[in-house]
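The primary structure of each chain is shown beneath.
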Amino acid sequence: ETGVTQTPRHLVMGMTNKKSLKCEQHLGHNAMYWYKQSAKKPLELMFVYSLEERVENNSVPSRFSPECPNSSHLFLHLHTLQPEDSALYLCASSQDWRTSNSGFEQYFGPGTRLTVT
Amino acid sequence: RKEVEQDPGPFNVPEGATVAFNCTYSNSASQSFFWYRQDCRKEPKLLMSVYSSGNEDGRFTAQLNRASQYISLLIRDSKLSDSATYLCVVNLETDRGSTLGRLYFGRGTQLTVWP
């Protein structure tokens, strides 16, 4: 159904753990995004990659570290997280806005529900 | 000031009703507009893009008023399956002068359609 997959779907980790979230898109897009969605808050953009280059980092704490090895894969490496980092982490992809004439609607993966204990 | 503002609702309507959601955006340089739908504990899914002339997709009609910086979504003949949160989404031009695929999301308007 969706062209964007994320693993794991659920993750519980302690504050001293290191884990990684994975995102893969099968839509032929060349821009990928990480968002955070906390309860009763709008989606917050964390990182933007276009053509595998990080374009934007919205002042996200360094305990979140993205990696984009190619246009189909995106990772979010997590370490020493805080309980307030518990949220739904969503990956999205789109056509690069600089090369697309048909708009750049973003398509989301199902998300990873993260709980930090 | 929030970039995108929506009435959070909730809207509770009977099947068959017509319901309208409104959204305002703060930056007049906004270029693209969308409505997304998000079911409980699921990811947002694109419902429709919003074009300057207004557009319709079945029971859904979207309107854009650039002068008032206002977007609307009208749902006719509501179905139980329309129950979800509807997100108003706006693309803003960056201050670097180039359009960035950055989307600003409203908090969403919750809709419940009851039998």
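Here the structure is shown first, and the text comes after it.
Reference entry: report on the structure contained in this document. Since the structure is predicted, the reported quantities are computational estimates derived from the model, not experimental observations. (Residues numbered from 1 in each chain as written. Chains lettered and ligands numbered in written order. Predicted model: local features only at pLDDT ≥ 70, side-chain atom pairs only at ≥ 80, totals over all residues. Heavy atoms only, no water.)

Residue and element names in this part refer to chain B. Here five strands make up an open sheet; going across it, the order is β1-β3-β8-β7-β6 and the pairing antiparallel. For this open sheet the edge positions go to β1 (4-6) and β6 (55-57), each flanked by a neighbour on one side alone. For this sheet, the mean angle separating the axes of adjacent strands, direction not counted, is 20°. Sheet topology note: the β1/strand β3 (residues 19-25) ladder contains three bridges and is antiparallel. Note on β3: the bridge partner recorded for Glu-5 is Thr-24. (Pairing = 2+ DSSP bridges. Helix = DSSP H or I, 4+ residues; strand = E, 2+ residues; numbered from the N terminus. Axes fitted to C-alpha atoms, helices over the stretch in contact; angles between N-to-C directions.)

Take the interface of chain B and chain A next. The interface of chain B with chain A comprises 21 residues on the first partner and 23 residues on the second. Across the chain B-chain A interface, the total number found is zero salt bridges. Our count for the contact surface shared by chain B and chain A stands at three residue pairs in polar contact (both at pLDDT 80 or more). Of all the elements in the fold, those that place two or more residues in the side of chain B that touches chain A are β4 (32-38), β5 (44-50) and β10 (99-105) of chain B. By residue number, the principal contributor to the side of chain B that touches chain A is β10(B), which donates six residues. In terms of residue class, the side of chain B that touches chain A is built from seven nonpolar, seven polar and seven charged. (Contact = heavy atoms within 4.5 Å. Salt bridge = Lys/Arg side-chain N within 4 Å of Asp/Glu carboxyl O. Polar contact = N/O pair within 3.5 Å; in protein donor to acceptor, adjacent residues only side chain to side chain. Nonpolar A, V, L, I, M, F, W, Y, C, P; charged D, E, K, R; others polar.)

This part is about the packing of aromatic side chains. We describe a pair of aromatic rings using the distance from one ring centre to the other and the angle between the two ring planes. According to the stated counting rule, one finds 11 aromatic pairs over all chains in the structure shown. Judged by centre distance (6.4 Å) and plane angle (70°), the rings of B:Phe34 and B:Tyr36 are edge-to-face. In this structure B:Phe34 comes out as buried when scored by relative accessible area, which is 4%. On the basis of relative accessible area, B:Tyr36 is assigned to the buried category, the value being 0%. Judged by centre distance (5.8 Å) and plane angle (55°), the ring pair of B:Tyr36 and B:Phe105 falls under tilted. Residue B:Tyr36 is located in strand β4, and its partner B:Phe105 is located in strand β10; the two are separated by 69 residues in the primary sequence. Within the aromatic cluster, the residues linked to one another by ring pairs are A:Tyr33, A:Tyr35, A:Phe108, B:Phe34, B:Tyr36 and B:Phe105. (Phe/Tyr/Trp six-rings, centres within 6.5 Å; stacked < 30°, edge-to-face > 60°. Buried < 20%, exposed > 50% of the residue type's maximum accessible area, 1.4 Å probe, protein only.)

All names here are of chain A. Most of strand β9 (residues 87-94) sits out of view: eight of its eight residues are buried. In this structure, strand β4 (residues 31-37) lies alongside β9, joined through seven bridges in antiparallel fashion. When the sheet's bridge partners are listed, Tyr-33 is paired in β9 with Ala-92. As defined by bridge partners, β9 adjoins strand β11 (residues 112-116) across three bridges and the pair is classed as antiparallel. Bridge pairing links Tyr-89 to Thr-112 in β11.

All names here are of chain A. By secondary structure assignment, the location of Leu-74 is in strand β8 (residues 73-79). Remark: the alpha-carbon pair of Leu-74 and Ser-62, spanning 12 residues in sequence, is separated by 17 Å. Residues contacting Leu-74, with those up to four places away along its chain left out, are Leu-21, Lys-22, Cys-23, Met-32, Tyr-33, Trp-34, Tyr-49, Glu-67, Cys-68 and Cys-91.

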